[in-house]
Amino acid sequence: MALVFIWYPTIVLLPVCRGVNVTTLFIYLLLFHSFYTYGKKPFLSFPFLIPFVVCLASYFISAIFGYKIALSVAKWVEQYFLVWTIWVAFKPTKSNNHFLFYNMMGYLLFLDAYAMVESVTIENPFLDYLRSCGVDIPKQAAHYVRYGLYRSQSLTVWTSIMAIASGLGAIFLAFSFFEKKLKPTPILYLTWVFCMIGVFISGTRSAMAVTAIGAFCFLKKLINFKYIVILSLVGFVAVSITGDFFSEVVNSFVNPEEAGGSSVEQRSLQFLVAYRYWMNAPILGNGLDFTNFLVAQEVGLLGAESILFRLLIDRGLVGLFSFLFLYGYSCWILYRKGLSNLAFILIGFAFGKLISLMFTLDEAYPFAYVVFLMKILNREKLKLLKLYLLLLLMKEKKNNVDHGENERRIESNPIL
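Read on for a plain summary of the structure.

Each value, and the rule that gives it
Residues numbered from 1 in each chain as written. Predicted model: local features only at pLDDT ≥ 70, side-chain atom pairs only at ≥ 80, totals over all residues. Heavy atoms only, no water. Helix = DSSP H or I, 4+ residues; strand = E, 2+ residues; numbered from the N terminus. Buried < 20%, exposed > 50% of the residue type's maximum accessible area, 1.4 Å probe, protein only. Areas by Shrake-Rupley, 256 points an atom, 1.4 Å probe, with all protein chains shown as cover. 1 Å grid on protein atoms, 1.4 Å probe; cavity = no way out; pocket = protein on both sides within 12 Å on 5 of 7 lines; lining within 4 Å. Points joined across faces, edges and corners; volume = space filled by probe spheres on them. Core = buried A, V, L, I, M, F, W, Y, C linked by side-chain atoms within 4.5 Å. Contact = heavy atoms within 4.5 Å. Axes fitted to C-alpha atoms, helices over the stretch in contact; angles between N-to-C directions. Left-handed = near helix turned anticlockwise from the far one by under 90°. Salt bridge = Lys/Arg side-chain N within 4 Å of Asp/Glu carboxyl O.

Each helix and strand counted, the chain has 20 helices and four strands in total. When each of the 416 residues of the chain is scored for burial, the buried share is 47%. Here the chain has roughly 21,400 Å² of accessible surface; of this, 69% comes from carbon and sulfur atoms.

The structure is reproduced here in structure tokens:
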């Protein structure tokens, strides 16, 4: 289960048969196994049960009442079931946590090292092989450059996916480190460096924004003289070495029109086209996959590079409400549980989905990181509670022993 989650951005590209990917097969096998092993009770204890059910309902409504019955709905909702299964089946023991952390570091190091090589050589044998096998993966032109570097896809379908996997992975490891669940090691530091390089060489501003917003989940831990000094030195060295590169990055946010990508005018035209098709079925939407059909027909949507377009066209107002409810209500749940800092991971990802498509990573994807961290933190709270109860029991036992000793002294002493 941990490996399916960690390698998801890559193995989602691998087909089993027509319409079924490796991830779809693995996730539903894990789901049925977990349900058979643990029963329905753990599934009902899922903290995000209500928003997940609302979102799943919106998918099934669009799949049934759209322009055609979409049997591909199982693929669209697989990430919801992966998160749900993680909540039920993952046991945050020391060995399981160790397995999760170090396998994630291994994947991220491999992903970003491959991205660096691709950025230099402009070659990607892995994706070329998949294309030769008939997998539909967009081919980037050799001049697909930003900030003076070729924008790497690495082992994922697009540059933004590589960057999101790197950014969220770095945040996950950093949060675990600051919560003292992960010990500092050279491989951890190297992973952080590689992840940040991966985020920047992707040239994807939305991924940079997601990473920056998500990093607020451990920002309070950085308000420490030691960390401030270390980060200041690292930042100074990084800017000194790559000053021109960082200047271009900053300028791309200040003047986005000059950096390439979809301009404000292009996004406005996309919205006008999306609005026209949304009005055909404003409540329930036109059905799943309808936006992909329109993109293929080249009606002016280009890549429909925002989840807002796809929500309105495919799932209508019901889908838009479910998306807002999913993130809004989930952040409220985290606040109620005293884990409001984890909400920044969700907020960052939601912002990224609104300004960029992040194809293959749907709205449920960041919840996997949040649920893993919730399980790890809850186990620590449970250990503290057990320790507290044990101390109370020992204190009560000691009081009982002292009370019995006093009674014996009274019985043996006639004066008393």
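Read on for the rest.
A few words now on empty space enclosed by the protein. Within this structure, the stated rule accounts for one cavity of 30 Å³ or more. Looking at the lining of the largest cavity element by element, the count peaks at three residues for helix H8 (residues 94–121).

Phe5, Phe48 and Leu173 are the most contacted members of the largest nonpolar core, which has 100 residues in total. The greatest single-element share of this core, amounting to 14 residues, is contributed by helix H10 (residues 159–178). Beyond its immediate chain neighbours, meaning those up to four positions away, phenylalanine 48 contacts Ser330, Ile333, Leu334, Phe367, Val370, Val371 and Met374. Tyr277, Leu294, Ala304 and Ile313 belong to the second largest nonpolar core, which has nine residues in total.

Moving on, we come to the packing of helix H3 (residues 22–38) against helix H7 (residues 78–89). Between H3 and H7, the least distance of the axes is 9 Å, while the angle of their chain directions is 35°. The interaxial crossing formed by H3 with H7 has left-handed handedness. Where H3 abuts H7, its residues Thr23, Thr24, Ile27, Tyr28, Leu30, Leu31, Ser34 and Tyr38 lie against Glu78, Phe81, Leu82, Thr85, Val88 and Ala89.

Once that is clear, we can look at the pattern of salt bridges. Evaluated as defined, the whole model comprises three salt bridges. When the shortest N-O distance is used, the salt bridge between arginine 131 and aspartate 128 registers 2.8 Å. Of this pair, arginine 131 and aspartate 128 both sit in helix H9 (residues 125–132), three residues apart, roughly one helical turn. Overall, the relative accessible area of 28% leaves aspartate 128 in the partly exposed class. Measuring nitrogen to oxygen at the nearest pair gives 3.2 Å for the salt bridge that ties arginine 315 to glutamate 363. Taken together, the residues span a long stretch of sequence, with arginine 315 in helix H18 (residues 307–336) and glutamate 363 in the loop between helix H19 (343–355) and helix H20 (365–412) at a distance of 48 residues.

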